[in-house]
Amino acid sequence: MFIKKYSEFRCIIPTFLNALSDVDTPESNIWSASFRLDQDMRPLFPYINSALDEAVYYEKPEHIRFLFEGYRCFLYSEVIAAHFFESKLAAKEFIASFMDFLNDIYNQKETIRPNYDQIKQVPIIEILKILPKTNCQKCGYLTCMAFAAAVTHGRVMVDNCPCLISPISETAVYPILDNNGKVVNSVSLKLDTAGLKKQIQEQNEQILLLEASLRENTQNENQQKVHMGSGKSDFGLTDREIEVLQLIAQGYTNNEISGFLFISPHTVKSHMINIFNKLNVNDRTQAAVLATQKGII
Ligand code: SF4
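Residues numbered from 1 in each chain as written. Predicted model: local features only at pLDDT ≥ 70, side-chain atom pairs only at ≥ 80, totals over all residues.

Asks: Provide a residue-level description of the pairing of strand β6 (residues 79-85), including the pertinent values.
Replies: Where strand β2 (residues 31-37) and β6 come together, five bridges link them in antiparallel fashion. Within β6, the residue paired with Ala-33 across the bridge is Ala-82. Looking at chain direction, strand β5 (residues 71-75) and β6 are connected through four bridges and run antiparallel. Within β6, the position partnered with Arg-72 by the bridge is His-83. If you look at the hairpin formed by β5 and β6, you'll find three residues sitting between the two strands. (Pairing = 2+ DSSP bridges. Helix = DSSP H or I, 4+ residues; strand = E, 2+ residues; numbered from the N terminus.)

Shown next, in the form of structure tokens:
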């Protein structure tokens, strides 16, 4: 078992809730709890980040936030804070299932693809600087300020504002692993993706052009086939006669053709006579040449 015990359990009513008048009613969820685990949880953060849809992994201070059993959890290296419980007892009961959950994640690490995406908490005012400040509400928030606050807290990505101009660069976070493959740190590097995006856009445009020209060629080919088909029907050849003609053109003898098509040599001969008459030719060589020229075979 990865986590074996906890310590320093505390359960309090936060001051701002304490000031409310109805906090003493039994159904009020007002208790906040915190406790310390006997392991450094940071190596598990990318796995929790991947396993839970609503997890948000922060860069500084390094911690991860998520909902577990309906409680809002803030997991730091060894300390966990969780809100809001209906009683101290509920908070205490929560600890056991929470430790089971973390141990499960630890045991299943091999099957979880870690997600190293981290939120860098940028001050609201900095985010507001890059927004158009029109309060157009296209992002679903009433004001740009509200949107900026949501971005700061990782509730929404900044590119959810459709009015924002494209970024000049993006940041990639690379994990640093120790000899056992354990994540011990990470390095953030700026990536200039503007050039790459332009290149992708140009390639997409080229693909569209190629597809259009391919469609045009296919249409032309189909028209040609229709045209050739009408030439073929002009000669009035049956499907069987065309089969015979194809074999003639490949240099097979009447006996061989009879074997291929499971018909008698006599029938092959009669097909040959019909073909010669319809094509108005005197021998099999002329028939093969004409059939090729007219696109019959
Ligand atoms: S869509 Fe952008 S500009 Fe409009 S309110 Fe939201 S953040 Fe502001």
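Asks: How would you sum up the sheet that holds β5? Please name residues and give values.
Replies: Strand order in the open sheet made by the six strands is β1-β2-β6-β5-β4-β3, with antiparallel pairing throughout. Looking at strand neighbours, the two that pair on one side only are β1 (6-12) and β3 (56-58), the edges of this open sheet. Put simply, the sheet's adjacent strands are angled 15° from each other on average, direction ignored. (Axes fitted to C-alpha atoms, helices over the stretch in contact; angles between N-to-C directions.)

Asks: Tell me about unusual backbone geometry, and name the residues and values.
Replies: Of the consecutive residues His-83 and Phe-84, the connecting peptide bond is found in the cis state with omega at -20°. Mapped onto the secondary structure, Phe-84 falls in strand β6. Even without being a glycine, Glu-8 presents a positive backbone phi close to 55°. Looking at the element boundaries, Glu-8 is found in strand β1.

Asks: Which residues make up the site of the ligand, and what values do they have?
Replies: In the vicinity of the ligand, 14 residues are found, and the nearest of them are Cys-136, Cys-139, Cys-144, Phe-147 and Cys-161. For the shell around the ligand, a count of residues per class yields 10 nonpolar, three polar and one charged. (Near = placed C-beta within 6 Å. Nonpolar A, V, L, I, M, F, W, Y, C, P; charged D, E, K, R; others polar.)

Asks: So what's going on with the environment of Gln-121? Residues and values would help.
Replies: With respect to the element layout, Gln-121 can be found in the loop between α3 (88-107) and α4 (124-130). On the basis of neighbour counts, which here come to 14 C-beta atoms within 10 Å, the residue Gln-121 falls in the partly exposed class. For the pair Gln-121 and Gly-154, spaced 33 residues apart in sequence, the C-alpha separation works out to 7.8 Å. Setting aside residues up to four positions removed in sequence, Gln-121 forms contacts with Tyr-58, Lys-60 and Thr-152. (Buried ≥ 20, exposed ≤ 12 C-beta atoms within 10 Å, placed from the backbone. Contact = placed C-beta atoms within 7 Å.)

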